[in-house]
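A closer look at the structure
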Amino acid sequence: MEPAFDDVDSRFHEGLAAVKIGGKWGFIDKTGKVIVEPVFDGVFGFIKGLSAVKKGGKWGFIDRAGELVVEPSFDTVFPHFTPFSEGLSAVKKGGKWGFINTSGELVVEPSFDMVFPFSKGLAAVEKGVKWGLIDKAGKWVVKPSFDDVNSFSEGLAMVQKGDKWGFIDTAGDLIVGPSFDRVYPFSEGLAAVEKDGKWGFIDKAGELVVEPSFDWVYSFSEGLAEVKINGKCGLIDKGGKWVVEPSFDDVNSFSEGLAMVQKGDKWGFIDTAGDLIVGPSFDRVYPFFEGLAVVQKGGKLGFIDMAGDLVVEPSFDKVGNFSKGLARVVLNGKWGFIDRAGDLILETSFDEVEEFSEGLAAVKIGGKWGFIDMAGDLVVEPSFDRVDSFSEGFARVEQSGRKGLIFCFRSENAEKPQPASSEEPPVPPSCI
């Protein structure tokens with residue numbers, strides 16, 4: 001599809017992409033055929049067969065044929081950008097919020113000052129200056145008596161009354177009375193709570209299982225929580241016992257079974273048993289991804305494996321995470337790709353590169369963008385001012401201020417990483 005649009009959505013939603021022509025929005029299919037004429041001032045992507053559209057300053061809904069299912073009569077739609085959560089979507093009319101179903105019928109009349117999407121059959125709504133919960137018929141499950149209500153996590157939602165916080169269940173019953181200065185959502189059955197400047201943890205019955213004695217805590221993950229006391233960080237289990245004594249200056253979340261730790265100005269890794277797997281010897285480290293972690297030493301970047309062994313020596317100025325066996329790297333101001341052994345599969349010869357998506361990577365040469373395959377062959381010549389990554393076979397491109405979509409057909413082995421010297425390189429994609 002030649003760059004002929006004022007603007008175009010980079011993603012297809014239910015087989016259609018939004019396009020802007022002559023200042024108005026419509027939709028095309030994957031052949032480029034206009035399915036919904038561009039007559040709208042604004043549109044959202046299709047979800048469950050409907051798209052929110054704006055016309056004459058009001059919002060309504062169309063179906064995939066472009067027929068109006070709900071006449072444009074709403075001031076706005078989709079607060080918090082969550083359309084049709086559990087089959088209902090928020091709409092605003094006359095300054096008040098209500099909900100419609102996927103048929104476009106008003107099932108909850110607009111009467112609320114603010115609403116949140118439905119979760120587990122309930123929605124938090126504000127009326128006046130208080131918050132409560134309604135069911136899908138718009139009936140009060142919890143009458144508006146709270147100063148704030150948050151989303152449910154593990155069956156409980158945080159609620160505020162005055163300057164104190166507690167929790168309610170999905171039936172609207174107060175499980176933990178508002179008695180804490182601050183609380184965080186439940187994670188792995190426990191919630192972090194603050195009282196008198198110190199943090200601890202409660203269970204779902206509201207019982208303190210870890211007394212508030214820490215200066216700061218993070219939620220539990222993989223059975224452990226990072227805590228800070230007297231300026232040092234460690235890890236505790238769900239009984240509040242030390243798994244890693246507070247001896248580190250920083251401890252980060254676990255990724256693939258290992259967590260980054262800092263001691264002084266050096267970084268390393270510990271496992272979930274608290275054992276030091278990689279001693280603090282690097283200037284900076286990053287979370288493990290596909291079994292490898294980026295590490296920095298002497299201003300250069302490389303990779304270690306989960307045993308702490310250097311598999312790619314720190315020799316690059318910039319690197320990206322591995323994806324499908326390849327990682328982006330910068331050497332002497334130019335970008336290329338390496339494999340997991342650190343070998344340059346695609347030489348550092350590009351001004352910029354993006355990660356591979358659907359077997360193709362965007363590359364910039366001489367100020368213009370094109371695409372290469374995993375053998376390093378140019379399959380789309382660098383002629384565009386801007387490009388997006390491929391999704392469902394399409395990529396959005398921009399040329400001389402106009403936007404369009406290009407399509408690439410890929411063979412089954414197009415995403416298999418192989419060196420350029422391979423005797424059986426991937427069959428190159430065909431792009432239009």
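Heads up: the structure comes first, above all this text.
A short tour of the structure in this document, coming up. Every value quoted in this text rests on a predicted model; they were computed, and no experiment measured them.

Glancing now at the packing of aromatic side chains. Per the stated rule, a full pass over the model turns up 19 aromatic pairs. Plain terms: the ring middles of phenylalanine 112 and tryptophan 140 are 5.8 Å apart, the flat faces sit at 90 degrees to each other, and that makes the pair edge-to-face. Taken together, the residues phenylalanine 112 in strand β12 (residues 106–112) and tryptophan 140 in strand β16 (residues 140–146) connect sequence positions 28 residues apart. Consider the rings of phenylalanine 214 and tryptophan 242, whose centres lie 5.9 Å apart with planes at 85 degrees: the pair is edge-to-face. Of this pair, phenylalanine 214 sits in strand β24 (residues 208–214) while tryptophan 242 is found in strand β28 (residues 242–248), placing the two residues 28 residues apart along the sequence. Here the aromatic residues Tyr184, Trp199, Trp216 and Tyr218 are joined through ring pairs into a cluster of three or more.

By secondary structure assignment, the location of leucine 310 is in strand β36 (residues 310–316). Residue class for leucine 310 comes out partly exposed when judged on its relative accessible area of 37%. Between the C-alpha atom of leucine 310 and that of alanine 341, which follows or precedes it by 31 residues, the distance is 10.0 Å. Every residue in contact with leucine 310, bar those within four places of it in the chain, is listed here: Val295, Phe303 and Ile304.

Attention now goes to the sheet that holds strand β35 (residues 300–304). Taking strand neighbours across the sheet as the criterion, the four strands line up as β33-β34-β35-β36 in an open arrangement whose pairing is antiparallel. Each of the sheet's edge strands pairs with one partner strand only, and the pair in question is β33 (284–285) and β36. Both β33 and strand β34 (residues 293–297) contribute to a ladder of two bridges, which runs antiparallel. Residue pairing across strands places valine 285 opposite valine 295, the latter belonging to β34.

A separate point is the sheet that holds strand β10 (residues 88–93). With antiparallel pairing, four strands are arranged side by side in an open sheet as β9-β10-β11-β12. Each end of this open sheet is capped by a strand with a single partner; those strands are β9 (76–77) and β12. In the sheet, β10 pairs with strand β11 (residues 96–101) via six bridges, with the strands oriented antiparallel. By the bridge assignment, lysine 92 is partnered in β11 with tryptophan 97.

Attention shifts here to the pairing of strand β4 (residues 34–40). Sheet topology places strand β3 (residues 24–28) next to β4; three bridges connect them, and they run antiparallel. The residue of β4 that forms the bridge with tryptophan 25 is phenylalanine 40. Counting the residues in the hairpin turn of β3 and β4 gives five residues, including glycine 32, whose phi is positive at 90 degrees.

Each value, and the rule that gives it
Residues numbered from 1 in each chain as written. Predicted model: local features only at pLDDT ≥ 70, side-chain atom pairs only at ≥ 80, totals over all residues. Heavy atoms only, no water. Phe/Tyr/Trp six-rings, centres within 6.5 Å; stacked < 30°, edge-to-face > 60°. Helix = DSSP H or I, 4+ residues; strand = E, 2+ residues; numbered from the N terminus. Buried < 20%, exposed > 50% of the residue type's maximum accessible area, 1.4 Å probe, protein only. Contact = heavy atoms within 4.5 Å. Pairing = 2+ DSSP bridges.

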